[in-house]
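# Structure at a glance
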Amino acid sequence: MNMISTEAIKKYVQRRSEDLVACKQAIESRDYAVIENIGHKMKGNGLTFGYPELADIGKDLEGAAVEKDIDLIRNKVQSFEKWFDEKKDPGSEDTQTEQ
């Protein structure tokens, strides 16, 4: 069972908007190090906060940045944006996806 408070989970989801913006900016400037770093963080803390799908996106994003695969990076950032759009309404009880 996840022992992280609902408030902490809401804040975590809200903070991902900063990562999403940073990823989009990094795509434009081809800053693969930023994308790799964000992907690495998502890979680790996505599981901690109960979002395995975000951890998977982070893992793929990190790998794509290492390979400098801009098409895969764009694809994964789209997946990240879709995930964020689904989770950003912190008012619902169903903040987390069923596992």
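Use the structure listed above.
Values in this document were obtained by computation on a predicted structure and should not be read as measured data. (Residues numbered from 1 in each chain as written. Predicted model: local features only at pLDDT ≥ 70, side-chain atom pairs only at ≥ 80, totals over all residues. Heavy atoms only, no water.)

### Digging into helix α2 (residues 32-48)
Just so we agree on the cut-off: Helix and strand definitions follow DSSP, with helices as H or I runs of at least four residues and strands as E runs of at least two, each counted in order from the N terminus. The length a helix should cover is 1.5 Å for every residue beyond the first. Burial here depends on accessible area, computed with a 1.4 Å probe over protein chains only, as a share of the maximum for the residue type. Under 20% is buried, over 50% is exposed, and the range in between is partly exposed. In what follows, residue pairs with any heavy atoms lying within 4.5 Å of each other are defined as contacts.
The end-to-end C-alpha separation of α2 is 25 Å, in line with the 24 Å expected for 17 residues at 1.5 Å each. Turning to α2, its buried residues number three or more, namely Y32, I35, I38, G39, M42 and G46. Tucked into the core, α2 has its buried residues touching α1 (6-29), α3 (52-67) and α4 (70-87).

### Some points on the packing of aromatic side chains
This is how the line gets drawn: Stacked, tilted and edge-to-face pairs are distinguished by plane angle, under 30 degrees for stacked and over 60 for edge-to-face with tilted covering the rest, among Phe, Tyr and Trp rings (Trp via its six-membered ring) whose centres lie within 6.5 Å.
Scanning the model with the defined rule gives three aromatic pairs in all. With a centroid separation of 4.2 Å and 5 degrees between ring planes, the pair formed by Y12 and F49 is classed as stacked. Of this pair, Y12 sits in helix α1 while F49 sits in the loop between α2 and α3, and the two are 37 residues apart along the sequence. Among the aromatic residues, those joined into a cluster by ring pairs are Y12, F49, Y51 and W83.

### Here's the deal with the packing of α1 against α2
As a reminder, the rule being used: To obtain an axis, a line is fitted to C-alpha atoms, over the contacting stretch when the element is a helix, and the angle between two such axes runs from 0 to 180 degrees between their N-to-C directions. For classification, angles of less than 35 degrees are called roughly parallel, those exceeding 145 degrees roughly antiparallel, those between 65 and 115 degrees roughly perpendicular, and all remaining angles oblique. Crossing handedness follows the turn of the near helix against the far one: under a right angle anticlockwise gives a left-handed crossing, and clockwise gives a right-handed one. Classes in brief: Ala, Val, Leu, Ile, Met, Phe, Trp, Tyr, Cys and Pro nonpolar; Asp, Glu, Lys and Arg charged; the others, Gly included, polar.
Two elements in contact, α1 and α2, have axes whose closest approach is 9 Å; the angle formed by their N-to-C orientations is 155 degrees. One finds that α1 runs roughly antiparallel with respect to α2. Crossing angle aside, the handedness with which α1 passes α2 is left-handed. Of the residues in α2, those touching α1 at Y12, D19, A22, C23, A26 and I27 are V34, I35, I38, K41, N45 and G46. Of the residues assigned to the contact of α1 with α2, the class counts are eight nonpolar, two polar and two charged.

### Comments concerning the packing of α1 against α4
The contact between α1 and α4 brings their axes to 10 Å, and the two run at 155 degrees. With respect to their mutual orientation, α1 and α4 come out roughly antiparallel. Between α1 and α4 lies a crossing of left-handed hand. On α4, the residues touching V13, Q14, R16, S17, D19, L20, C23, K24 and I27 of α1 are I70, I73, R74, V77, F80, E81, W83, F84 and K87. Residues that form the contact of α1 with α4 fall into these classes: 10 nonpolar, two polar and six charged.

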